[in-house]
Amino acid sequence: GPSVVWFRDDLRVGDHPALHAALARHRPIVAVYVFDDESPGVRTLGGAARWWLHQSLRSLGATLEALGGGLILRRGPAAPIITEIARETDAAAVFWNRRYGSAERMIDTAIKAELRADGVDAHSFAGSLLFEPWTIQTGQGGSYSVFTPFWRACQAGPPPRAPYPSPDTVSGWSGSLATDSLDDWGLEPSAPDWADGLRAAWQPGETSAQQMLGRFLAESLPRYGAERDEPAQNATSRLSPYLRWGEISPHQVWAATQEAQRSLSGPALASATRFLTEVGWREFAYHVLFHAPELATKNLRPAFDAFPWPELDHEAVTAWQQGRTGFALVDAGMRELWRTGSMHNRVRMVTASFLIKNMLVDWRVGERWFWDTLVDADAASNPFGWQWVAGSGADAAPYFRIFNPELQAAKFDPHQQYIRANVPEYGTDAYPAPLVDLGETRRAALAAYDKVKAQS
Ligand code: FAD
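Residues numbered from 1 in each chain as written. Predicted model: local features only at pLDDT ≥ 70, side-chain atom pairs only at ≥ 80, totals over all residues.

### Remarks on the overall build of the protein
Alright, step 1. Scanning the protein from N- to C-terminus turns up 18 helices and five strands.
Alright, step 2. Computed over the C-alpha atoms, the radius of gyration of the protein is 23 Å, within 12% of the 23 Å expected from 2.2 N^0.38 for a compact globule of 456 residues.
Alright, step 3. Its C-alpha atoms put the protein at 70 × 50 × 45 Å along the principal axes.
Alright, step 4. Relative to its 456 residues, the protein shows a buried fraction of 46%. (Helix = DSSP H or I, 4+ residues; strand = E, 2+ residues; numbered from the N terminus. Rg over C-alpha atoms; globule rule 2.2 N^0.38 Å. Buried ≥ 20, exposed ≤ 12 C-beta atoms within 10 Å, placed from the backbone.)

Below you can see the structure in the form of structure tokens.
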């Protein structure tokens with residue numbers, strides 16, 4: 001019988017361990033994607049993520065067809081769908097690459113047991129992280145809560161494996177199997193169609209991911225260390241949504257960067273190390289999620305449960321979401337996010353700090369907005385980033401470190417290029433007055449934080 005390859009957060013054919021194993025062991029291939037917005041505990045995708053997924057599936061389907069295969073699309077709870085497809089095709093094997101959220105792992109474990117009971121060779125592979133979470137442990141056998149020793153431990157072991165090559169052909173199964181039509185899933189917005197800015201900013205898919213990586217390594221890697229904090233410089237890789245959807249694997253990024261850094265020295269070489277360290281933060285976020293599955297809803301540091309969040313001012317939150325706070329760097333970031341589905345890392349920190357510490361809004365409110373609007377929103381990095389800024393997270397910035405959005409703008413966007421690109425009316429009468437007094441709100445935030453200190 002054929003192999004069913006179940007695609008999830010790994011929408012590529014290159015360096016795809018499950019596909020690689022299937023091609024080696026049991027051809028032909030039945031490639032499947034299940035859009036599961038029903039299984040309990042699986043977080044519903046945000047709007048920008050749904051748009052990206054639509055493009056990404058179209059791209060993967062076209063790639064598989066060009067290789068002689070195809071992509072079966074199904075919608076509904078994954079467990080019955082996958083076992084049903086395995087039975088219908090009389091599959092010898094079902095292979096997939098692992099996921100790290102708790103609900104997803106429970107679904108996968110149950111499916112594996114059911115398939116094996118049917119005599120199917122069900123197997124999962126490591127495709128989305130460089131280091132599997134259970135392999136990186138402290139001397140005491142626990143998990144790391146601080147990044148530097150975590151990353152040191154990752155690098156002390158065997159290096160990440162080399163990427164698998166892309167297959168030349170993916171002979172598809174010749175039987176007939178029902179498939180949904182991607183357009184019927186309604187992942188792309190129609191009325192109103194708000195995705196023009198996303199279309200202009202991004203070209204999802206495996207081919208673009210490789211092009212982005214190649215261009216970044218050739219043009220920006222040497223200056224990454226010096227310019228990565230300046231949003232107008234375009235010095236970062238912009239690979240995060242491609243990594244989120246697995247259109248590129250961290251192993252491919254790792255190997256290509258290792259190769260590129262061989263010709264570098266001095267600050268340019270330090271730049272490459274810095275870039276790989278940032279990829280390490282992605283690993284850390286996923287490892288933290290693996291050990292703390294409720295990352296998006298629960299403070300990692302329980303002392304923060306005592307934080308006295310005032311009643312939510314919905315109008316103020318809307319002003320933040322729409323980029324009308326009267327603080328130019330905050331507004332520029334929020335508008336970039338709405339328009340392009342992304343925001344520069346430095347500005348993510350500033351906008352998040354502003355919401356939490358100058359508006360005294362619970363970090364979870366901001367996390368949900370980012371979840372809905374980011375094309376790279378993932379269940380690990382997004383709540384991890386928010387808890388990091390809030391001070392409640394792993395290796396977090398201390399709560400009393402409150403970014404001043406004006407000083408941040410002066411330092412990281414000194415010529416206001418980023419601000420002017422995103423807030424055209426900046427400097428005119430049409431620009432809104434400041435929503436809050438920075439000094440006063442800072443003092444209020446620090447007073448509220450005393451409640452947390454009393455708990456710790
Ligand atoms: P580069 O600087 O080129 O870095 C390379 C890769 O390393 C990134 O693509 C990303 O995969 C990883 N990376 C870099 N920095 C971080 C980090 N701090 N944490 C985790 N991974 C990192 N990143 C997401 O991928 N998804 C999210 O939902 C997300 N939400 C965030 C929310 C907040 C409040 C904050 C402060 C940060 C968040 N980040 C998130 C991390 C970071 O902002 C983005 O990964 C980065 O801006 C992506 O741009 P890039 O690909 O050009 O990054």
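### What to know about the domain arrangement of the protein
It is common to give the size of an interface as the accessible area that goes away when the parts come together.
Alright, step 1. Domain annotation of the protein identifies domain 1 (1-127), domain 2 (129-163 + 206-291) and domain 3 (302-455).
Alright, step 2. Computed from C-alpha coordinates alone, the two centres of domain 2 and domain 3 are separated by 25 Å.
Alright, step 3. If you look at the interface, domain 2 gives 15 residues, while domain 3 gives 16 residues.
Alright, step 4. Going through the elements one at a time, helix 8 (240-244) and helix 10 (266-291) are the ones with two or more residues in the side of domain 2 that touches domain 3.
Alright, step 5. Ranked by the residues each element gives to the side of domain 2 that touches domain 3, the list is headed by helix 10, at five residues.
Alright, step 6. Grouping the constituent residues of the side of domain 2 that touches domain 3 by class yields nine nonpolar, two polar and four charged. (Domains from an automatic or database assignment. Contact = placed C-beta atoms within 7 Å. Nonpolar A, V, L, I, M, F, W, Y, C, P; charged D, E, K, R; others polar.)

### Quick word on the site of the ligand
Alright, step 1. As a structural note, the neighbourhood of the ligand is formed by 27 residues, with T236, S237, N345, N382 and G385 the closest of them.
Alright, step 2. For the shell around the ligand, the secondary-structure elements that each account for two or more residues are helix 8, helix 10, helix 13 (345-358) and helix 15 (381-390).
Alright, step 3. Among the residues making up the shell around the ligand, the classes are represented as 12 nonpolar, seven polar and eight charged.
Alright, step 4. Shared between two domains, the shell around the ligand holds at least three residues of each, these being domain 2 (129-163 + 206-291) and domain 3 (302-455). (Near = placed C-beta within 6 Å.)

### Brief notes about the pairing of strand 5 (residues 121-125)
Alright, step 1. Across five bridges, strand 4 (residues 93-97) lies against strand 5 in parallel orientation. Paired with F95 across the strands is H123, a residue of strand 5.
Alright, step 2. You can see the chain leave strand 4, run along helix 4 (residues 102-117) and come back into strand 5, and the turn it takes is right-handed. (Pairing = 2+ DSSP bridges. Right-handed = clockwise from strand over helix to strand, strands pointing away.)

### As for the nonpolar core
Alright, step 1. The biggest cluster of nonpolar side chains holds 117 residues, and the ones touching the most others in it are V5, V32, V94 and L289.
Alright, step 2. Excluding residues that lie within four positions of it along the chain, V94 makes contacts with V4, W6, I82, A86, L115, V120 and A122.
Alright, step 3. F304, F307, Y399 and V452 belong to the second largest nonpolar core, which has five residues in total. (Core = buried A, V, L, I, M, F, W, Y, C linked by C-beta atoms within 7 Å.)

### Topic: the environment of R74
Alright, step 1. Positionally, R74 belongs in strand 3 (residues 72-75).
Alright, step 2. Given 18 C-beta atoms within a 10 Å radius, R74 is considered partly exposed.
Alright, step 3. For the pair R74 and V34, spaced 40 residues apart in the sequence, the C-alpha separation amounts to 4.8 Å.
Alright, step 4. Not counting residues up to four positions away in its chain, the partners in contact with R74 are V32, V34, I81 and D180.

### Quick look at the UniProt feature "domain: Photolyase/cryptochrome alpha/beta" (unreviewed entry) in the protein
Alright, step 1. The UniProt feature table records "domain: Photolyase/cryptochrome alpha/beta" (unreviewed entry) at residues 1-130.
Alright, step 2. Here residues 1-130 runs as 43% helix and 20% strand, with 32 Å between its end C-alpha atoms. (UniProt positions renumbered as here; feature names shortened; annotations may be inferred.)

### Considering the sheet that holds strand 2 (residues 29-35)
Alright, step 1. With parallel pairing, five strands are arranged side by side in an open sheet as 3-2-1-4-5. In this open sheet, the two strands that pair with only one neighbour each are strand 3 and strand 5. Strand-to-strand twist of the sheet, defined as the mean angle between neighbouring strand axes without regard to direction, takes the value 25°.
Alright, step 2. Note: strand 1 (residues 3-7) against strand 2, five bridges, orientation parallel. Paired with S3 across the strands is I29, a residue of strand 2. (Axes fitted to C-alpha atoms, helices over the stretch in contact; angles between N-to-C directions.)

### Notes on helix 12 (residues 328-340)
Alright, step 1. The first and last C-alpha atoms of helix 12 sit 18 Å apart over 13 residues, in line with the 18 Å expected at 1.5 Å per residue.
Alright, step 2. Packing partners of the buried residues in helix 12 comprise helix 11 (314-321), helix 13, helix 14 (363-373), helix 16 (405-412) and helix 17 (417-422).
Alright, step 3. Directly beyond the C-terminal end of helix 12, a positive phi value near 75° is found at G341. (Expected span 1.5 Å × (residues − 1).)

### Structural notes on the environment of S208
Alright, step 1. By the secondary structure assignment, S208 is in helix 7 (residues 206-227).
Alright, step 2. Sequence spacing of S208 and E247 is 39 residues, and the spatial spacing of their C-alpha atoms is 8.8 Å.

### Here's the deal with the UniProt feature "site: Electron transfer via tryptophanyl radical" (unreviewed entry) in the protein
Alright, step 1. When the UniProt feature table is mapped to this numbering, "site: Electron transfer via tryptophanyl radical" (unreviewed entry) covers W309, W363 and W386.
Alright, step 2. Mapped onto the elements, W386 comes out in helix 15.
Alright, step 3. You can call W386 buried: it has 27 C-beta atoms within 10 Å.

### Quick word on the confidence of the model for the protein
Alright, step 1. In the predicted model, the protein carries a mean pLDDT of 96, and the fraction of residues at 70 or more is 100%.
Alright, step 2. Scored by ipTM, the complex comes to 0.99, with pTM at 0.98. (pLDDT = per-residue confidence, 0-100.)

### Here we look at the pairing of strand 1
Looking down a regular strand, the side chains alternate between one sheet face and the other.
Alright, step 1. Extensive coverage of strand 1 is indicated by the burial of five of its five residues.
Alright, step 2. Taking every second residue as pointing to the same face, both faces of strand 1 are buried, with S3, V5 and F7 on one and V4 and W6 on the other.
Alright, step 3. Pairing between strand 1 and strand 4: four bridges, direction parallel. Across the sheet, the residue bridging to W6 is W96, located in strand 4.

### Here's the deal with unusual backbone geometry
Alright, step 1. Residue P192 follows A191 across a cis peptide bond; omega there is 0°.
Alright, step 2. The topology assignment puts P192 in the loop between helix 5 (147-156) and helix 6 (196-201).

### So, the packing of helix 7 against helix 9 (residues 250-261)
When two helices pack together, their arrangement is given by the angle between the helix axes and by the axis-to-axis distance.
Alright, step 1. Running from N to C, helix 7 and helix 9 point in directions that differ by 35°, and their axes come no closer than 11 Å. Helix-helix and strand crossings are classified by hand; for helix 7 and helix 9 the assignment is right-handed. Contact residues: helix 7 offers L213, L217 and L221, while helix 9 offers V253, A256, T257 and A260. (Left-handed = near helix turned anticlockwise from the far one by under 90°.)

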